[in-house]
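# Descriptive analysis of the structure
Now for the letters of each chain:
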Amino acid sequence: MTTTMTAEEHKSRTARSYKLLLLFAIISMIMMFAGLTSAFVVSKSRVDWLKDFQLPTAFFYSTAVIIGCSVTFHLAKKAIQKDNQKATTSFLLATLALGILFVVLQFVGFGQIVANGYYFTGAESSITTTFLYIVTVVHLAHLAGGLIALLIIIYNQFKHKYNSTQTLGIELGAMYWHFLDLLWVYLFLFLFFFK
């Protein structure tokens, strides 16, 4: 006896499968960053650890910007659920602009660190700045994946592939960007309070 699946059931199962795969990827990334922050905690007892190191001001601004990314992506998801194509496109483009601004601010922050006489590599580097650099660059690498996914979502939006009954791509993108947002806020607070 064979049972046939309706198109709606197939669509629902496919959506659950993609969301589950993304969830597994997010869990593996959480484990990686847990390992990095644990190594940070262990290394803090070293005698060459910088006790008076301050995060650059650009990191404060970038934190606000990435929170803005989550807000605009959420608004894009809500807009497509109401079939508001124009608002969806606007919010997706705003998310892209904010995502690029976040990356720029991260590099401005790196410049501020170097301008204060702290280096990431070489003889004049310290373990503190090297850890900061590694954690931030690894987050930026994941954010680059998010930007690529966002560009694909924007392309599909311009091709009118999303509507109130087909929101999976935007939902997956929003899930990933919310994760990137929460991850950066966690890393920022960790680096700010656990010096």
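This write-up is about the structure you can find in this document. (Residues numbered from 1 in each chain as written. Predicted model: local features only at pLDDT ≥ 70, side-chain atom pairs only at ≥ 80, totals over all residues. Heavy atoms only, no water.)

## What about the packing of aromatic side chains?
Applied cut-off: When the centres of two rings from Phe, Tyr and Trp lie within 6.5 Å, Trp using its six-membered ring, the rings pair. Their planes under 30 degrees apart give stacked, over 60 give edge-to-face, and anything left gives tilted. Secondary structure counts use DSSP, requiring at least four H or I residues in a row for a helix and at least two E residues in a row for a strand, with both numbered from the N terminus. Whether a residue is buried, partly exposed or exposed follows from its accessible area with a 1.4 Å probe, protein chains only, as a fraction of its type maximum: under 20%, in between, or over 50%, in that order.
The tally for this structure, following the rule as stated, stands at 19 aromatic pairs. Where Phe73 meets Trp177, the ring centres are 6.5 Å apart and the plane angle is 40°; that geometry is what we call tilted. In this pair, Phe73 is assigned in helix α2 (residues 57–81) and Trp177 in helix α5 (residues 168–193), connecting sequence segments 104 residues apart. By relative accessible area, Phe73 is classed as buried at 0%. The interplanar angle of 15° and the centroid separation of 6.1 Å between the aromatic rings of Phe188 and Phe192 together place this pair among those described as stacked. Of the two residues, Phe188 and Phe192 are both situated in helix α5; the distance of four residues between them amounts to about one turn of the helix. By relative accessible area, Phe188 is classed as buried at 8%. In this structure Phe192 comes out as partly exposed when scored by relative accessible area, which is 28%. Through pairs of rings, three or more aromatic residues link up here, namely Phe59, Phe102, Phe107, Phe110, Phe120, Tyr133 and Trp184.

## Quick notes on the nonpolar core
Applicable threshold: Only buried residues count toward a nonpolar core, which is a set of Ala, Val, Leu, Ile, Met, Phe, Trp, Tyr and Cys residues joined through side-chain atoms within 4.5 Å.
Counting residues in hydrophobic clusters, the biggest one holds 50 residues, and the most contacted among them are Phe73, Leu92 and Trp177. When contributions to this core are tallied by element, the ones reaching two or more residues are α1 (7–43), α2, α3 (85–115), α4 (127–158) and α5. In terms of residue count, α5 provides more of this core than any other element does, 14 residues in total.

## What to know about a nonpolar patch on the surface
Stated formally: A patch consists of residues whose relative accessible area exceeds 30% and which take part in no salt bridge; residues with like charges are grouped when within 9 Å of each other, and nonpolar side chains (Val, Leu, Ile, Met, Phe, Trp, Tyr) when within 5 Å. The Shrake-Rupley method, run with a 1.4 Å probe, gives the accessible areas here. Residue values count only the displayed protein chains as cover. Put simply, a salt bridge is a Lys or Arg side-chain nitrogen that is within 4 Å of an Asp or Glu carboxyl oxygen.
The grouping of Tyr18, Leu20, Leu21, Leu23, Phe24, Ile27 and Met31 at the surface amounts to a nonpolar patch, some 730 Å² of accessible area in total. Assignment of secondary structure puts Leu21 in helix α1. The class for Leu21 is exposed, based on a relative accessible area of 55%.

## Considerations on the packing of α2 against α3
Condition: For every element, the axis is a line fit to its C-alpha atoms; helices are fit only across the contacting stretch, and the angle between N-to-C directions ranges from 0 to 180 degrees. Every angle not falling under 35 degrees, over 145, or within 65 to 115 is termed oblique; those three ranges are roughly parallel, roughly antiparallel and roughly perpendicular. By convention the crossing between two helices is left-handed if the near helix lies anticlockwise of the far one by an angle smaller than a right angle, and right-handed if it lies clockwise.
It is at 8 Å that the axes of α2 and α3 come closest, and there the two elements cross at 165°. Regarding the angle of α2 to α3, the classification is roughly antiparallel. At the point where α2 passes α3, the crossing takes the left-handed sense.

## Examining α1
What counts here: Expected helix span is computed as 1.5 Å times (number of residues minus one). Throughout, a residue-residue contact means that at least one pair of heavy atoms, one from each residue, lies within 4.5 Å.
The first and last C-alpha atoms of α1 sit 54 Å apart over 37 residues, in line with the 54 Å expected at 1.5 Å per residue. The elements touched by buried residues of α1 are α4 and α5.

## Some words on α3
Its 31 residues give α3 an end-to-end C-alpha distance of 45 Å, which sits within 8% of 45 Å, the value for a rise of 1.5 Å per residue. With its phi angle positive at about 90°, Gly117 sits one or two positions after the end of α3.

## Thoughts on unusual backbone geometry
A positive phi angle, near 60°, is found at Asp83, a position not held by glycine. Mapped onto the secondary structure, Asp83 falls in the loop between α2 and α3. Classification of Asp83 as partly exposed rests on a relative accessible area of 40%. Of note, the phi angle at His160 is positive, near 60°, even though the residue is not glycine. In this structure, His160 sits in the loop between α4 and α5.

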